[in-house]
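# Breakdown of the fold
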2 protein chains.
Amino acid sequence: MGKNTVLSHFLASHPGARYSISATTRKPRAGEKDGKNYYFYTPEQFGDLLQAGQLLEWAQVYDEYYGTPKAPIQQCLARGEIIVMDLDVQGALAVKKSLPEAVLVFLLPPSLEDLGERMRRRGTECAQAVDRRLAAAKAEISRARDYDYLIVNAEVSRAVAQLISIVEAEKLRVSRQSLILSTLEEGGSIGNC
Amino acid sequence: MGKNTVLSHFLASHPGARYSISATTRKPRAGEKDGKNYYFYTPEQFGDLLQAGQLLEWAQVYDEYYGTPKAPIQQCLARGEIIVMDLDVQGALAVKKSLPEAVLVFLLPPSLEDLGERMRRRGTECAQAVDRRLAAAKAEISRARDYDYLIVNAEVSRAVAQLISIVEAEKLRVSRQSLILSTLEEGGSIGNC
């Protein structure tokens, strides 16, 4: 019922969509491949990307750095692909700043109580950690007004359908279809595109 | 394959959506009912609405006036209903000006050639009228950049599905969901809404 379930169902239903690959300075775990699970960089390489303005967003988690390299995203976008990123509020707003065409969708829990319940049921965290994460979630929700869309994740099939509607609708935005307009104006045919 | 087919399929699939009723000064035809097909007004009544700023858009066609009264639309919106209007470019842009939350969707023909073909097949107009309407269509298309969304009406089932996606996505816009956000922030539950 969580965010990852919604994302994996969405990706399965959209063969043209790709999950964004993050860069990290942490060491690969067993089975992880460079360029598939992550781009594995040294702290120096990561620092160079950062200084060159080649990261759409980045964050430090404990002693390691994580971020989204700009170049592979731009290549995907140029091919007309849909890129899906799973980001916290700070990362999402940073991406929107460098890529104004990005679409920010906030997945809301049906209630904060429900979110705490899910965390406790998962049982991987102590009560204190759950409280801390709930407080963080509440702070993030207060910034949802800076997003484009909100989805209440009460039922996974419904949330996936809503995410699909958003992606399908966004493809039809005038700002993404200037080629179609100029083709028509020049007397061309658009056919079944 | 025309605009009306797309609209009627959309309305059939969305029981919550209503087709907007226009006001007109023309006389009712046999079987037409006031408040159902049109609001039938005298020229004086129409003029009063216009002067009071109570028309979202209006136009003169030959000797008669047509327009969209504001009050019934505002009542529908307050009840959370979806209102569908079928407007020319001038009307659509006028509506957007008074109701910035309006969503403008431009239904494009796959080509101007195809549009001319459809008009000729319908056979209700002479070649000269078809040429005139094609020129008007071309002029309208050039203003599609002021709309929110474009749908290429090449295949009716696809165009209807795209219109449904747009409506579903627009319901999820942050600007239309401030109630959900404040409920969550106050510790409430949103449930399966």
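Here the structure is a predicted model, which means the values were calculated and not measured. (Residues numbered from 1 in each chain as written. Chains lettered and ligands numbered in written order. Predicted model: local features only at pLDDT ≥ 70, side-chain atom pairs only at ≥ 80, totals over all residues.)

## Observations concerning the overall build of chain A
Each helix and strand counted, chain A has eight helices and eight strands in total. Dimensions of chain A along its principal axes, counting C-alpha atoms only, are 65 × 40 × 30 Å. Of all 193 residues assigned to chain A, the portion counted as buried reaches 23%. (Helix = DSSP H or I, 4+ residues; strand = E, 2+ residues; numbered from the N terminus. Buried ≥ 20, exposed ≤ 12 C-beta atoms within 10 Å, placed from the backbone.)

## Some thoughts on the nonpolar core
Counting residues in each nonpolar core, the largest one holds 46 residues, and the members touching the most others are Leu150, Ile151 and Leu163 of chain A together with Leu150, Ile151 and Leu163 of chain B. Ignoring sequence-local partners within four residues, the contact set of Leu150 of chain A consists of Phe106, Leu108 and Ala144 of chain A together with Leu172, Val174, Gln177 and Ile180 of chain B. One finds Ala23, Leu49, Leu55 and Leu56 of chain A within the second-largest nonpolar core, a separate group that totals nine residues. (Core = buried A, V, L, I, M, F, W, Y, C linked by C-beta atoms within 7 Å. Contact = placed C-beta atoms within 7 Å.)

## Brief notes about unusual backbone geometry
Residues and elements named next belong to chain A. A positive phi angle, near 55°, is found at Tyr62, a position not held by glycine. If you trace the backbone, Tyr62 turns up in the loop between strand 4 (55–61) and strand 5 (64–69). On the neighbour-count criterion, Tyr62 (5 C-beta atoms within 10 Å) is exposed.

## Thoughts on the environment of Arg173 of chain A
Mapping Arg173 of chain A onto the fold places it in the loop between helix 7 (156–171) and helix 8 (178–185). Between the alpha carbons of Arg173 of chain A and Gln54 of chain A there is a distance of 28 Å; along the sequence they are 119 residues apart.

## A word on the sheet that holds strand 4 of chain A
All names here are of chain A. Pairing is mixed across the open sheet formed by four strands, whose spatial order is 3-2-5-4. The open sheet has two edge strands with one neighbour each: strand 3 (39–40) and strand 4. As paired strands, strand 2 (residues 23–24) and strand 3 are joined by two bridges and run parallel to one another. Within strand 3, the residue paired with Ala23 across the bridge is Tyr39. The strands touched by helix 2 (residues 43–51) are strand 2, strand 4 and strand 5; relative to strand 4, the strand with the most contacts, the crossing angle is about 135°. Where helix 3 (residues 70–78) meets the sheet, its contacts fall on strand 4 and strand 5, and the angle it forms with strand 5 comes to roughly 25°. (Pairing = 2+ DSSP bridges. Axes fitted to C-alpha atoms, helices over the stretch in contact; angles between N-to-C directions.)

## Digging into the relation of the copies chain B and chain A
Taken as rigid bodies, chain B and chain A are interconverted by a rotation of 180° and an axial shift of 0.0 Å, the fit giving an RMSD of 0.0 Å. Each copy turns onto its partner about a two-fold axis. Among all residues of chain B, the minimum C-alpha distance to the rotation axis is found for Ser165 of chain B, at 2.3 Å. When the interface residues of chain B are mapped onto chain A, 100% of them are again interface residues, pointing to one common binding face. (Least-squares fit on C-alpha atoms with pLDDT ≥ 70 in both.)

## Considerations on the packing of helix 1 (residues 3–13) of chain B against helix 7 (residues 156–171) of chain B
Residues and elements named next belong to chain B. The geometry of helix 1 relative to helix 7 is characterised by a closest axis approach of 9 Å and an angle of 55° between their N-to-C directions. Classified by the angle their axes make, helix 1 and helix 7 are oblique. Where helix 1 crosses over helix 7, the two elements pack in a sense that is right-handed. Facing helix 1, whose interface residues are Thr5, Val6, His9, Phe10 and Ser13, helix 7 presents Val156, Ala159, Val160, Leu163 and Ile164. A breakdown of the residues in the contact of helix 1 with helix 7 according to their chemical character gives seven nonpolar, three polar and no charged. (Parallel < 35°, antiparallel > 145°, perpendicular 65-115°, else oblique. Left-handed = near helix turned anticlockwise from the far one by under 90°. Nonpolar A, V, L, I, M, F, W, Y, C, P; charged D, E, K, R; others polar.)

## Regarding the sheet that holds strand 5 (residues 64–69) of chain B
The strands making up a sheet associate through backbone hydrogen bonding, with each pair oriented either parallel or antiparallel. Residues and elements named next belong to chain B. Pairing is mixed across the open sheet formed by four strands, whose spatial order is 3-2-5-4. Strands at the two margins of the open sheet, each flanked by one partner only, are strand 3 (38–40) and strand 4 (55–61). For this sheet, the mean angle separating the axes of adjacent strands, direction not counted, is 25°. Alignment of strand 2 (residues 22–24) against strand 5, held across two bridges, turns out to be antiparallel. Each bridged residue has a counterpart across the sheet, and for Ala23 the counterpart in strand 5 is Gly67. Most of the contacts of helix 4 (residues 89–98) go to strand 4, to which it runs at about 160°, and overall it touches strand 4 and strand 5.

## Description of helix 7 of chain A
Here helix 7 of chain A is 16 residues long and its end C-alpha atoms lie 23 Å apart, about the 22 Å a rise of 1.5 Å per residue gives. Tucked into the core, helix 7 of chain A has its buried residues touching helix 1 (3–13), strand 6 (82–84), strand 7 (105–108) and strand 8 (149–152) of chain A together with strand 8 (149–152) and helix 7 of chain B. (Expected span 1.5 Å × (residues − 1).)

## Looking at the pairing of strand 8 of chain B
Residue and element names in this part refer to chain B. Alternating positions in strand 8 separate into two faces, Tyr149 and Ile151 on one and Leu150 and Val152 on the other, with burial throughout. Two strands pair when backbone bridges link them, and strand 7 (residues 105–108) and strand 8 are joined in this way by four bridges, in the parallel orientation. Looking at strand 8, one finds that Val105 is bridged to Tyr149.

These results come straight from atomic positions and should not be treated as a statement about function.
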